[in-house]
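Summary of the model geometry
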Amino acid sequence: ISGDECASARTCRDRLTSLPTGTLNTGLLFVRPTAAGTAFATRWHETVSSPPPGKRFAPPGCCTSDQQVFGRMVRVGGGYPGLAPPAGAPTGGRLLRADGNLTLGSLPLALFMNGHSYFVQRAHERLGVAPFAVHATYTLDTHEGGAKAQRFREAGLWRADPPPPQGERFLAYNFSEPPEVAARRAEYARRGLSAANVDVHLSALEAYVAELRDALALARALGRTLLLPRWTCWCDRMWAGSDDIFRFGCMYPGAQDGNFVPFPCPMDHILSPAAWAKAGVGHRDAAFLDTLAERGVRPVEVLLLP
């Protein structure tokens, strides 16, 4: 089973897992087709479909998803940590003894990546690996299908969109570091401080949105579809104040070993893909230029001179 751990470099290097105290994620799961595996899958399905009475599985105490039911089923006694290495196995290894005489294995994060490791940290590039699968977790905005598809689309992994209409015209603008962001970074460097902080990040977002406003207006006036640039983020974005990223170099707690800031911003770190879809704002992602190149289409570069 996969997990939501984010320490991709440490996990890959030391072959460790934090599953005992972390979240078991059933988005990537393999059950061996043995008698025991089949029996567990059957029991899992029955527990999700018709939870027995009591707080362990039934709402409102629990559970609202098959993932939560899975977690309570395999943890001994249904509590934390409830998982431990089998006899003779190394502590922190990828094999764990679970409830019901089960052996639970941790899928290696480097090959079965969650959304933060792949789309935000880009750990596969840093580690030089080609993942077997990518799970679009850690999305923002609505956390639903549209947000997940957008992450895949930006990464060039989405192939379900129809081809662009014949004769569709586009407007792209090259991203360059805004002067105010460069000035702020230089000031922090002069003081011996990291530019990975919320001050630099907010300054960058303000500049990006101002550029985007002008580009949208120009695209509409010219009757073209806007191609979004690849912006740079100087701080990670989380869901709640309880995810205290400021003590970890503006990185999600647990992911700081990757030292991935700054990083190319996913769209939902700046804008709401759901709001754009609802408003019918026509646009394409920066990865769209890569697909044009794959089809042998050469964009025409236009320079605006003063």
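Scroll up for the structure.
A short tour of the structure in this document, coming up. Just so it is clear, the structure is predicted and the values come from calculations on it, not from any experiment. (Residues numbered from 1 in each chain as written. Predicted model: local features only at pLDDT ≥ 70, side-chain atom pairs only at ≥ 80, totals over all residues. Heavy atoms only, no water.)

**What to know about a nonpolar patch on the surface**
The following threshold applies: Patch membership is restricted to residues that have no salt bridge and whose relative accessible area is over 30%. Joining uses 9 Å for like charges and 5 Å for the nonpolar side chains Val, Leu, Ile, Met, Phe, Trp and Tyr. Areas reported as accessible are Shrake-Rupley estimates using a 1.4 Å probe. Residue values count occlusion only from the protein chains shown. Definition used for salt bridges: Asp or Glu carboxyl oxygen within 4 Å of a side-chain nitrogen of Lys or Arg. Strands here mean DSSP runs of E at least two residues long; helices mean DSSP runs of H or I at least four residues long; both are numbered from the N terminus.
Together, Val 198, Leu 202 and Phe 246 make up a nonpolar patch on the protein surface, roughly 300 Å² of accessible area in all. Note that Val 198 resides in helix α8 (residues 198-222).

**Some points on the sheet that holds strand β7 (residues 170-172)**
Let me state the cut-off plainly: Note on pairing: two strands pair once DSSP finds at least 2 bridges between them. Contacts are residue-level and defined by heavy atoms, with any inter-residue pair within 4.5 Å sufficient. Between N-to-C directions, angles span 0 to 180 degrees; the directions come from axes that are lines fitted to C-alpha atoms, helices contributing only their stretch in contact.
Taken in spatial order, the 3 strands line up as β7-β8-β11 in an open sheet, and their pairing is parallel. Each edge of the open sheet is held by one strand with a lone partner, namely β7 and β11 (283-284). Sheet analysis places strand β8 (residues 225-227) next to β11, joined by 2 bridges and oriented parallel. Following the sheet pairing, Leu 226 is matched in β11 by His 283. Those strands touched by α8 are β7 and β8, and its axis lies near 145° from that of β8.

**Digging into the packing of helix α7 (residues 179-190) against α8**
Short version of the rule: When describing relative orientation, an angle under 35 degrees is termed roughly parallel and one over 145 degrees roughly antiparallel, while 65 to 115 degrees is termed roughly perpendicular and anything else oblique. Only Asp, Glu, Lys and Arg are considered charged in this grouping, and only Ala, Val, Leu, Ile, Met, Phe, Trp, Tyr, Cys and Pro are considered nonpolar; every other residue, Gly among them, is considered polar.
Their axes nearest at 9 Å, the elements α7 and α8 cross at an angle of 170°. Classified by the interaxial angle, the pair formed by α7 and α8 is roughly antiparallel. Residue-level inspection shows Glu 180, Val 181, Arg 184, Arg 185 and Tyr 188 of α7 in contact with α8, the latter providing Asp 199, Val 200, Ser 203, Ala 204 and Ala 207. Counted by class, the contact of α7 with α8 contains 5 nonpolar, 1 polar and 4 charged residues.

**Some words on the layout of surface pockets**
Rules: Put simply, the grid is 1 Å and covers the protein atoms alone, a cavity is a trapped set of points that fit a 1.4 Å probe, a pocket is an open set with protein on both sides within 12 Å along at least five of seven lines, and lining residues have an atom within 4 Å of a point. Grid points are joined across faces, edges and corners, and a volume is the space filled by probe spheres set on the points.
Roughly 540 Å³ of internal volume is contained in the second largest pocket. What lines the second largest pocket is a set of 23 residues, and nearest its centre among them are Arg 153, Trp 158, Asp 161, Arg 284 and Asp 285. Listed by contribution, the elements that provide at least two residues to the lining of the second largest pocket are α6 (145-154), α9 (273-279), β11 and α10 (287-294). Take the lining of the second largest pocket: its biggest share by element is 4 residues, from α10. Tallied by class, residues from the lining of the second largest pocket come to 11 nonpolar, 5 polar and 7 charged.

**Section: the packing of aromatic side chains**
Within a pair of aromatic rings, the relevant descriptors are the distance that separates the centres and the angle that separates the planes. Cut-off, in case you're wondering: Planes of paired rings set the category: under 30 degrees apart is stacked, over 60 is edge-to-face and the rest tilted, where pairs are Phe, Tyr or Trp rings (Trp by its six-membered ring) whose centres lie within 6.5 Å. Throughout, exposure labels follow a simple rule: accessible area from a 1.4 Å probe, protein chains only, divided by the maximum for the residue type, with under 20% read as buried, over 50% as exposed, and the rest as partly exposed.
Across all of its chains, the model carries 11 aromatic pairs by this definition. An angle of 80° between the planes, with centres 5.6 Å apart, marks the rings of Phe 119 and Phe 152 as edge-to-face. On the criterion of sequence distance, the pair formed by Phe 119 in helix α4 (residues 115-120) and Phe 152 in helix α6 is long-range, its members being 33 residues apart. Residue classification places Phe 152 among the buried positions, given a relative accessible area of 18%. Seen in terms of ring centroids, Phe 170 and Phe 288 are 4.9 Å apart; in terms of plane orientation they differ by 50°. Their pairing is tilted. Within this pair, whereas Phe 170 is found in strand β7, its partner Phe 288 is found in helix α10, the two being separated by 118 residues in sequence. Judged by relative accessible area, which is 9%, Phe 288 ranks as buried. Following the ring pairs from residue to residue traces out a cluster consisting of Tyr 118, Phe 119, Phe 152 and Trp 158.

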